[in-house]
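# Observations on chain architecture
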Amino acid sequence: MILRIALPLALMSSLVNAQDVERRIDALLSRMTLEEKLGQMSQSTSMRTPISEPIRDEIRKGRWGSFLNAGSPADRAEAQRIALKESRLGIPLVFGRDVIHGYHTIFPIPLGQSASWDPELIRDAARIAAREAAGEGIQWTFAPMIDIARDPRWGRVAETLGEDPYLTSALGAAMVRGFQGGSLASPDAVAACAKHYVGYGAAEGGRDYNSTWIPEILLRQVYLPSFRAARDAGVATFMTSFNALNGVPATGNRFTLRQVLRDEWKYDGMVVSDYTAVTEMIPHGYAADNADAAREAALAGVDMEMVSTTYFDHMKALIQSKQVDAKLIDDAVRNILRLKFRLGLFDNRPQPAAETRPVAEALDTARRLAVESVVLLKNEGNLLPISASIGKVAVIGPLADSPTDQMGTWVMDGRAQDVQTPLAALRRMLGPDRLVYARALRNSRDNTHDGFAAAADAARNADLALLFLGEEQILSGEAHSRAFLTLPGAQEALVEEIAKAGKPIVAVILAGRPLTFQGASSRAGAVLYAWHPGTMGGPAIADLLFGRAAPSGKLTITFPRTVGQVPIYYSHLNTGRPPSPGELGIPMGNPVEPKGYTSKYLDVDFTPEYPFGYGLSYTAFEYSNLRLSGATLRSGGTLTVSADVANTGTREADEVAQFYIRDLVASVVQPVRALKGFRRVHLKPGEKQTVQFTLTANDLAFYNEQAKLVTEPGRFQVWVAPDSARGVPGEFTLE
Ligand code: BGC
């Protein structure tokens, strides 16, 4: 009997296309010289405006496969024309760029976006960024950054989606879908890049580029899942990271690049090194010289070398001396050409030459995402929202009117003139007579008190002081780690001075990382954490301050009480001596013995200032009535967990309900809580909704001592919760 399996038409045509692409790659490969192949494997940053004669000539000769962060749209179009029309084989270039949180329209920094817990909106933002970038001849973005970050000292925490692997996986995959759209060949899609592979966020001491030591179990449980999720979402490229992982640089790491990525995950996309990460294997102490570095990177499976030129300079000799198999080079070139075919670069993909501007829809999405990313940390006596009939407001601080700072780190194409600051938005809302502005400090690091008197005066003559504090743009991002998490400069002193006026204070904090700001928050009745909110941050913040929108953001990274608690994250292990809630040591300097030999500090509460998942609203939500579909979950079966969320306040608002589990006894101890789901619900006052989560045994799997994924029978706790420290609990058994 012949069994016929009918494949869906779309799948069949994509298989045919894929076969066709592989045939076209083979045909090209058979005609390419080794030099042309090595050219494809090289990415340069040296294209300037205007394109120099030597670069034009190199493009003609096929010296480069790609340029990054280079040229104007017109330059890129011209370079592409040369590659297609004047090079021997007509192989197109691919233009890569850091389009991290927007292109011209700047969305909140990724850490801020993640606080929205809104994958659809995050996808839409990435879609817009792709459209704008592709509209200027970019076909490849180096995003999303899906490193797990549990150390706010690390400047690049701003670029991450927070500390949790489940959430980062969901939001990172949403970004991939947004950037790449339905088809990479569509003229408004760009190839995404899962970076930095892998472990970069665990840098010792929070110092950028520092080494990471991550046992395989932890690597698989915490650091790899977001990359696996990106791969499953079809991410076109991966970027290696700068760090040495367990002593082996990630750019020469055969375990992560060959075994995990290629052999286990069957990834057929393209791998690019980070910026000069290949030659950095020399100072790491891993490669002896440039040739050795080229060999290590090629053996590990790095297809394209960013900026350094060891492949081009040394690969021929490495092949001749049989240190590198020529087949490896063909494999790498295949991956690169496959990307170019998928992008439609061989098939008349348009190469637009003109500059574009943000459109209304983009600005609207930026505003909505900024609104959803802001987290209300404190709101004593319902100080917020501010009544529309308020008399006079004093707007004070270095970040009320600082367009560049408001955009945050990694902004190459955002234009300050497109940015709407809080001051501008509030002026529009209140009119000139009801607002008085005092910058008070030139920037967030300013230590002088010269502007204090005018600011205090403004506060005295107003009904409310609105303080815009935080960190300027250059205090976070790559190579911008901090050892202190306090508000820099004289900002705490400024708050102290303003408090003397005796007026209610609202603090809005714009920053690229969690900060510690106890002084300011003890003096302010309300605190909004706005991150670096991007182009439309001003109107978004004004909407929230005046109650045109209700805050719904929830923290995706734990806020410590002090830098001394770092690393601190919700998903920690319990230890054999967990402290009890509220258990403190003794005040320092007290000569008696501390009570209780538990895992705590003498001088500060062991709990965070604000836990993962935390965020208030202008209304109140109550969680109740947790139900399980059964007392046991059997392998192959499912268990549903539901709970009611009620709006018990007086305003309609969104709430992000979170679902956590804890495996109580396991052969490798498991975290006190792990996020397994979340839902955003919109509730009117008095309204109640049931949120439901479904578990299978797979959701309860973990890596055992042999680093094998297993499930073990036993008892589990669950919570449906407003944050990682609270929630309605339940329990079940896995059989
Ligand atoms: C960063 C990457 C970035 C690359 C290209 C590197 O320094 O680590 O995240 O994509 O530069 O600009």
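Here the structure is a predicted model, which means the values were calculated and not measured.

Moving on to the sheet that holds strand 20 (residues 653-663). Sheet architecture is open: 5 strands sit in the order 18-26-25-20-21, paired in mixed fashion. One side of each edge strand has no neighbouring strand; the edge strands of this open sheet are strand 18 (632-633) and strand 21 (674-683). Both strand 20 and strand 25 (residues 714-721) contribute to a ladder of 6 bridges, which runs antiparallel. The residue of strand 25 that forms the bridge with Ile661 is Val718.

Gaps left between atoms are located by rolling a probe of water-molecule size over the structure's atoms. All told, the structure shown has 1 cavity of 30 Å³ or more when counted by the stated rule. Of the volumes computed, that of the largest cavity is approximately 50 Å³. Looking at the largest cavity, the residues that line it are Ile100, His101, Gly102, Phe107, Gln113, Ile122, Ala125, Ala126, Ala129, Met175 and Phe179. Mapped onto the lining of the largest cavity, the elements with two or more residues apiece are helix 6 (119-134) and helix 7 (165-180). No other element matches the 4 residues that helix 6 contributes to the lining of the largest cavity. For the lining of the largest cavity, a count of residues per class yields 8 nonpolar, 3 polar and no charged.

In the vicinity of the ligand, 14 residues are found, and the nearest of them are Asp98, Arg156, Lys195, His196 and Asp274. Between Arg156 and the ligand, the recorded distance is 2.7 Å, taken from a side-chain N or O atom to an oxygen atom. Here the ligand loses 95% of its free accessible area of 310 Å² to cover by the protein chains. Each residue belonging to the shell around the ligand can be placed in one class, and the counts come to 7 nonpolar, 2 polar and 5 charged.

A separate point is the nonpolar core. Core analysis: the biggest nonpolar cluster contains 107 residues, and Trp140, Phe179, Tyr197, Phe238, Met315 and Leu337 have the highest contact counts within it. For this core, the element with the highest residue contribution is helix 6, accounting for 9 residues. Judged by nonpolar contacts, the second largest core, of 60 residues, contains Ile386, Ala540, Tyr623 and Leu695.

Next up on the list: the domain arrangement of the protein chain. The domain boundaries assigned to the protein chain delineate domain 1 (367-545), domain 2 (571-607) and domain 3 (621-734). Taking the mean C-alpha position of each, domain 1 and domain 3 sit 36 Å from one another.

For Asp292, the position within the fold is in helix 11 (residues 290-300). Sequence-wise, Asp292 and Gln139 are 153 residues apart; in three dimensions their C-alpha atoms are separated by 32 Å. Here Ala288 takes part through its backbone nitrogen, which lies 2.7 Å from a polar atom of the side chain of Asp292.

This next bit is on the packing of aromatic side chains. This model, assessed by the stated rule, comprises 25 aromatic pairs. An angle of 80° between the planes, with centres 5.1 Å apart, marks the rings of Tyr197 and Phe238 as edge-to-face. Of this pair, Tyr197 sits in strand 5 (residues 193-197) while Phe238 sits in strand 6 (residues 237-240), and the two are 41 residues apart along the sequence. Side by side, Tyr197 and Phe238 carry an identical accessibility label, which is buried. On the numbers, 6.3 Å between centres and 70° between planes, the contact of Phe559 with Tyr610 is edge-to-face. Here Tyr610 lies in the loop between helix 20 (537-545) and strand 17 (621-628) and Phe559 lies in the loop between helix 20 and strand 17, a separation of 51 residues in the sequence.

Thresholds applied
- Residues numbered from 1 in each chain as written.
- Predicted model: local features only at pLDDT ≥ 70, side-chain atom pairs only at ≥ 80, totals over all residues.
- Heavy atoms only, no water.
- Pairing = 2+ DSSP bridges.
- Helix = DSSP H or I, 4+ residues; strand = E, 2+ residues; numbered from the N terminus.
- 1 Å grid on protein atoms, 1.4 Å probe; cavity = no way out; pocket = protein on both sides within 12 Å on 5 of 7 lines; lining within 4 Å.
- Points joined across faces, edges and corners; volume = space filled by probe spheres on them.
- Nonpolar A, V, L, I, M, F, W, Y, C, P; charged D, E, K, R; others polar.
- Near = heavy atom within 4 Å.
- Polar contact = N/O pair within 3.5 Å; in protein donor to acceptor, adjacent residues only side chain to side chain.
- Areas by Shrake-Rupley, 256 points an atom, 1.4 Å probe, with all protein chains shown as cover.
- Core = buried A, V, L, I, M, F, W, Y, C linked by side-chain atoms within 4.5 Å.
- Buried < 20%, exposed > 50% of the residue type's maximum accessible area, 1.4 Å probe, protein only.
- Domains from an automatic or database assignment.
- Phe/Tyr/Trp six-rings, centres within 6.5 Å; stacked < 30°, edge-to-face > 60°.

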